[in-house]
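Notes for the structure review
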Amino acid sequence: MPDVSGDAYETLAGPGEARFEIRGSEFVGRARPVATVEAAEAFVEEVQERYADASHNVPCYRVRVESGGPGSGHLLREYQSDDGEPSGSSGKPALNVLQQRDVQNAVVVVTRYFGGTELGVGGLARAYSRAVKEAVDDAGVTTQKPQERFAATVAYDDSGTVRGILESADCTFDADYAERVAFEVTCDRDDADALRERLRDATSGRVELE
């Protein structure tokens, strides 16, 4: 698996779909942004089960995985399959589109309903490439900045203040209300230090940060 740095990367802005017909065969490309290999494989399985009546469901994905512990960098897991099409005619051309666009944390499955006319290896490669390209175009591509996660734990008296700051910040969080209130926060790495400082100031240093 190739190394990928902790820098910003391109990913899908949302789900996308492309649909067209070539010499009687119908091609449908379905693209999704995913955060994990497990999510990518679950989407592939979902499409294969939902459209089991199709001639082929050709998958490809590129997903970032941590190479070790948190902060140790990422590797890029890439996968493709011809799903019964002639070897090299579909999975590789499909994955190649994601590689050329350098889109990461993305999965695409191209469903084909055979129309009775053989397209040949070259024709299949062009069709599957087109399905992925148009599905990615429909989804849109966005830049994902490196994220950082941290925990902020406070007494109940400070929890409203902390929650208000987090709701106004460009971040996501989950709150666990137990003896104390623990907030699991995810934000852009560039914003993390400033957000932690805001929480310290607002609670006069009472917040516990991990």
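This report concerns the structure included in the present document. In this numbering scheme, every chain counts its residues from 1 along its sequence in written order. It should be noted that, the model being predicted, local features are given only for residues of pLDDT at least 70 and side-chain atom pairs only at 80 or more, the latter also being counted only at that level, while totals for whole chains, interfaces and linings use all residues. Water and hydrogen atoms play no part in the side-chain values, which are based on all heavy atoms of the structure.

Moving on to the sheet that holds strand S9 (residues 147–154). Any two strands between which DSSP finds at least two bridges are classified as paired. Note on conventions: DSSP H or I runs of at least 4 residues are helices, E runs of at least 2 residues are strands, and numbering of each starts at the N terminus. Pairing is antiparallel across the open sheet formed by four strands, whose spatial order is S10-S11-S9-S12. Single-partner strands in this sheet number two, and they are strand S10 (171–177) and strand S12 (208–209). With eight bridges joining them, S9 and strand S11 (residues 181–188) adopt antiparallel strand pairing. If you follow Phe150 over to S11, its bridge partner there is Val185. Contacts are assigned to residue pairs with any non-hydrogen atoms lying within 4.5 Å of each other. Here an angle of 0 to 180 degrees is reported between the N-to-C directions of two axes, which are lines fitted to C-alpha atoms, with helices fitted over the stretch in contact. Contacts from helix H4 (residues 156–168) reach S9, S10 and S11, with the element oriented near 160° to S10.

Surface patches are defined over residues having more than 30% relative accessible area and no salt bridge, joining like charges when they lie within 9 Å and nonpolar side chains (Val, Leu, Ile, Met, Phe, Trp, Tyr) when within 5 Å. Using a 1.4 Å probe, accessible areas were evaluated by the Shrake-Rupley method; residue-level cover was limited to the displayed protein chains. The salt bridge definition used is simple: a Lys or Arg side-chain nitrogen within 4 Å of an Asp or Glu carboxyl oxygen. Counted charges follow a simple rule, with Lys and Arg positive, Asp and Glu negative, and His plus the chain ends left uncounted. Here the site of a charge means NZ on Lys, CZ on Arg, CG on Asp, or CD on Glu. A surface patch of like charges, here negative, comprises Asp174, Asp176, Glu184 and Glu210. Take Asp174: it is sitting in strand S10. A relative accessible area of 57% means that Asp174 is categorised as exposed. Burial status follows relative accessibility: with a 1.4 Å probe on protein chains alone, a residue under 20% of its type maximum counts as buried, one over 50% as exposed, and anything between as partly exposed.

It is worth spelling out helix H5 (residues 189–202) at this point. Structurally, the α-helix is built with 3.6 residues per turn, so residues lying three or four positions apart point the same way. An ideal rise of 1.5 Å per residue puts 20 Å on 14 residues; H5 measures up with 21 Å between its terminal C-alpha atoms. Every buried residue of H5 is accounted for by Ala192, Leu195, Arg196 and Leu199. Viewed along the axis of H5, the buried residues span an arc of 105°, placing them on a single side of the element. Summarising the geometry of H5, the exposed residues directed more than 90 degrees from the buried face are Asp190, Asp193 and Asp201. Multiply 1.5 Å by the residue count of a helix minus one, and that product is the helix's expected span. Think of it as the arc spanned by the lines of direction from the helix axis to the C-beta atoms.

In this description, a nonpolar core means a group of buried Ala, Val, Leu, Ile, Met, Phe, Trp, Tyr and Cys residues linked to one another through side-chain atoms lying within 4.5 Å. With 24 residues, the main nonpolar core has Leu12, Phe27, Cys60, Leu98, Val108, Val110 and Val132 as its most contacted residues. The biggest single contributor to this core is helix H3 (residues 120–139), with eight residues. Residues Leu166, Ala169, Leu195 and Val207 belong to the second largest nonpolar core, which totals 16 residues.

In summary, the pairing rule links any two rings of Phe, Tyr or Trp, Trp by its six-membered ring, whose centres are within 6.5 Å, and it sorts them by plane angle into stacked for under 30 degrees, edge-to-face for over 60 and tilted for everything else. All chains considered together, the criterion is met by five aromatic pairs. With a centroid separation of 6.0 Å and an interplanar angle of 50°, the aromatic rings of Tyr156 and Tyr177 are classed as tilted. With Tyr156 in helix H4 and Tyr177 in strand S10, this pair connects stretches of sequence that are 21 residues apart. Since its relative accessible area comes to 42%, Tyr156 is described here as partly exposed. Assessed through its relative accessible area of 41%, Tyr177 is described here as partly exposed. Judged by centre distance (6.0 Å) and plane angle (65°), the rings of Phe173 and Phe183 are edge-to-face. Of this pair, Phe173 sits in strand S10 while Phe183 sits in strand S11, and the two are ten residues apart along the sequence. Residue Phe183 is classed as buried on the basis of its relative accessible area, which comes to 0%. Counting every residue linked through ring pairs, the aromatic cluster contains Phe20, Phe27 and Tyr128. As a reminder, the over-ring test applies to NZ of lysine and CZ of arginine, requiring each to be within 6 Å of the ring centre and within 35 degrees of the ring normal. Note that Arg130 overlies the ring of Phe20, its terminal NZ or CZ placed 3.8 Å from the centroid.

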